[in-house]
Amino acid sequence: MVERCKNVWLAVSGLVISDKGEWLVVNKRYGGLKGQWSLPAGFVKNDETVDEAVVREVLEETGIHAEIEGMVGVRSGVIKGEISDNMLVFLLKPLSFEVTAQSDELYEARFYDPDSLIQEGKQSILLEQLLAFKKERMQTMLDGLNPGDHFGYTSYKLFM
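Residues numbered from 1 in each chain as written. Predicted model: local features only at pLDDT ≥ 70, side-chain atom pairs only at ≥ 80, totals over all residues. Heavy atoms only, no water.

The chain goes by NUDIX hydrolase in an unreviewed UniProt entry, where it is assigned to Peribacillus muralis. As recorded by UniProt, the Sequence similarities (unreviewed entry) comment attached to the chain reads in full: "Belongs to the Nudix hydrolase family." Under Cofactor (unreviewed entry), UniProt gives the following word-for-word description of the chain: "Mg(2+)". (UniProt positions renumbered as here; feature names shortened; annotations may be inferred.)

Participant: Looking at this structure, I do not really get the sheet that holds strand 2 (residues 23–28). What am I missing?
Facilitator: Paired through their backbone hydrogen bonds, the strands of a sheet run either parallel or antiparallel. The strand order across the open sheet built from 3 strands is 3-2-7, with neighbouring strands paired in antiparallel fashion. With partners counted over all chains shown, the strands left at the sheet margins are strand 3 (37–38) and strand 7 (106–112), one partner each. Alignment of strand 2 against strand 3, held across 2 bridges, turns out to be antiparallel. Counterpart to Val26 in the pairing with strand 3 is Ser38. Docked against the sheet, helix 1 (residues 50–62) engages strand 2 and strand 7, running at close to 65° with respect to strand 2. (Pairing = 2+ DSSP bridges. Helix = DSSP H or I, 4+ residues; strand = E, 2+ residues; numbered from the N terminus. Contact = heavy atoms within 4.5 Å. Axes fitted to C-alpha atoms, helices over the stretch in contact; angles between N-to-C directions.)

Written out as structure tokens, the structure is:
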């Protein structure tokens, strides 16, 4: 029998880029990113796929409806030798543009020019690294696949 690891975290984060090239960013009220600009993010729930989770998190934190364009990459680390902390970073296209910040978790949410954001100097390291992102390197989503009825998947997607 395989032992399940309760100290393995899976989170998602959304890089939402407007037609003007502005990025949707949030300024957190808590945690290690308190007072810094970062991407909308959160944990995956047990009844959703990672792409569903990122769309939900972006909407919950910012009020922005968005759709998946693809996956940008993975952030993975180990916290204090005890917790495997993993985040999938997606590129999303906004379907709405009126930002409403989730006031209990955020100071602010807004579309921000990435160059101005970096000049301000209050960004997460992930945002810094994403400036070098090249859209053609993005992994796209393959949906509607069935690896076999015997597995019992209610949703199955590949990002390649």
